[in-house]
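Observations on chain architecture
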Amino acid sequence: MRCPQCDLDSPDEMKFCGECVHTGLAGWQATGAEVALPHFFALQAEIRGRDEHVGEGLTLLDEALSVVEKNGERYYEAELYRMKGEFLIQQAKVASLQPPAPSPQAEEYFLKAIEIAQEQKAKFWELRAAKSLGRLWHEQGRGVEARPMIQEIHDWFTEGFGTADLQEAKTLLDTLA
C-alpha cells in the first residue's frame, strides 16, 4: 500500500502512514481518539516552524492529550509528548534573543515520550523521541550521553533506512561521533 499523501510504502495492516501520519489509507476505520487526533496532526503540520503559532500548537497538544486521557486510546501519546517538548523549545527560542536556556520541561517530555514508546514497543515513536532528546542534549553539550541511546534504537531497525526519521537519526549520530 502506498500513502497518497507522501508516497511512502506502508504495510497493508497500517491504519495510517508511519511517515506523515496521513490517516487516509485504505481500510482505515476511525475510532475515538483517532477521530480527533488527525485534526491535531493536520494543524500541527500547518503551524510547524511558524514562530507566531507556537502558543497555538501547545494549546492543540494539550487538547490532543486530553482526548487521549478521556478515550484511553494511547497510540499517539508518545508522539504528542515529544511534540510538546519540541514546541516548548521553539517557544523558548522565540521568546529569547539569545540562545535559550536548557529546557528541563522539554527534556521531561522527551523522556516521558521514550518511556511510553518503550512500554508500547513502538520503535518508530521511540526513535523520534530519542532524536529530539539527542538534539537537545547535543545543544547542551551532552552529546556523549545522547549517542548510545540513539545508536541503540537506530540499530534495532533492519529496513526503512530511506525514511526521513532514520536518515535524520543517522545524520545526528554522525554529528555526535
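Look a little higher up for the structure.
Here's what I pulled together on the structure shown here. (Residues numbered from 1 in each chain as written. Predicted model: local features only at pLDDT ≥ 70, side-chain atom pairs only at ≥ 80, totals over all residues. Heavy atoms only, no water.)

1. What to know about the overall build of the chain
In terms of regular secondary structure, the chain is built from seven helices and zero strands. Mapped from its N terminus to its C terminus, the chain presents α and β elements in the order α-α-α-α-α-α-α. By residue count, 44% of the 177 residues in the chain fall in the buried class. When contacts within the chain are restricted to residue pairs at least 6 apart in sequence, those whose partners lie at least 24 apart make up 54%. Carbon and sulfur atoms form 52% of the exposed surface of the chain, whose accessible area is close to 9,600 Å². (Helix = DSSP H or I, 4+ residues; strand = E, 2+ residues; numbered from the N terminus. Buried < 20%, exposed > 50% of the residue type's maximum accessible area, 1.4 Å probe, protein only. Contact = heavy atoms within 4.5 Å. Areas by Shrake-Rupley, 256 points an atom, 1.4 Å probe, with all protein chains shown as cover.)

2. What about the nonpolar core?
Of all hydrophobic cores here, the largest spans 37 residues; its most connected members are L80 and I150. Within the residue set of this core, elements represented by two or more residues are α2 (54-71), α3 (77-95), α4 (104-120), α5 (123-139), α6 (143-156) and α7 (164-176). (Core = buried A, V, L, I, M, F, W, Y, C linked by side-chain atoms within 4.5 Å.)

3. Some words on the packing of aromatic side chains
For the structure shown, the criterion picks out six aromatic pairs. On the basis of an interplanar angle of 25° and a centroid distance of 5.9 Å, the ring pair of Y81 and Y109 is categorised as stacked. On the criterion of sequence distance, the pair formed by Y81 in helix α3 and Y109 in helix α4 is long-range, its members being 28 residues apart. For the residue pair Y81 and Y109, the accessibility class agrees, reading buried in each case. Among the aromatic residues, those joined into a ring-pair cluster are Y75, Y76, F124 and W125. Across the ring face of Y81, the terminal group of K112 is positioned such that the distance to the ring centre comes to 5.0 Å. (Phe/Tyr/Trp six-rings, centres within 6.5 Å; stacked < 30°, edge-to-face > 60°. Lys NZ or Arg CZ within 6 Å of the ring centre and 35° of its normal.)

4. Comments concerning the pattern of salt bridges
Applying the stated criterion across every chain, the model contains 14 salt bridges. One salt bridge in this structure joins R82 and E86, with 3.6 Å as the shortest N-O distance. Within this pair, R82 and its partner E86 are both found in helix α3, separated by four residues, close to a single helical turn. For E86, a relative accessible area of 24% corresponds to the partly exposed category. (Salt bridge = Lys/Arg side-chain N within 4 Å of Asp/Glu carboxyl O.)

5. Re α5
For α5, with 17 residues, the first-to-last C-alpha span of 24 Å sits near the 24 Å given by 1.5 Å per residue. Burial runs high along α5: twelve of the 17 residues are buried. Considered for burial, the residues of α5 that qualify are W125, E126, L127, R128, A129, A130, K131, S132, L133, G134, L136 and W137. (Expected span 1.5 Å × (residues − 1).)

6. With respect to the packing of α4 against α5
α5 packs onto α4 with a crossing angle of 155° between their chain directions and a minimal axis gap of 8 Å. Comparing the axis directions of α4 and α5 gives the class roughly antiparallel. Considering how the two elements wind past one another, α4 and α5 form a crossing that is left-handed. Residues E107, F110, L111, A113, I114, A117 and Q118 of α4 form the contact with α5, whose participating residues are W125, E126, A129, A130, S132, L133, L136 and W137. Grouping the constituent residues of the contact of α4 with α5 by class yields eleven nonpolar, two polar and two charged. (Axes fitted to C-alpha atoms, helices over the stretch in contact; angles between N-to-C directions. Parallel < 35°, antiparallel > 145°, perpendicular 65-115°, else oblique. Left-handed = near helix turned anticlockwise from the far one by under 90°. Nonpolar A, V, L, I, M, F, W, Y, C, P; charged D, E, K, R; others polar.)

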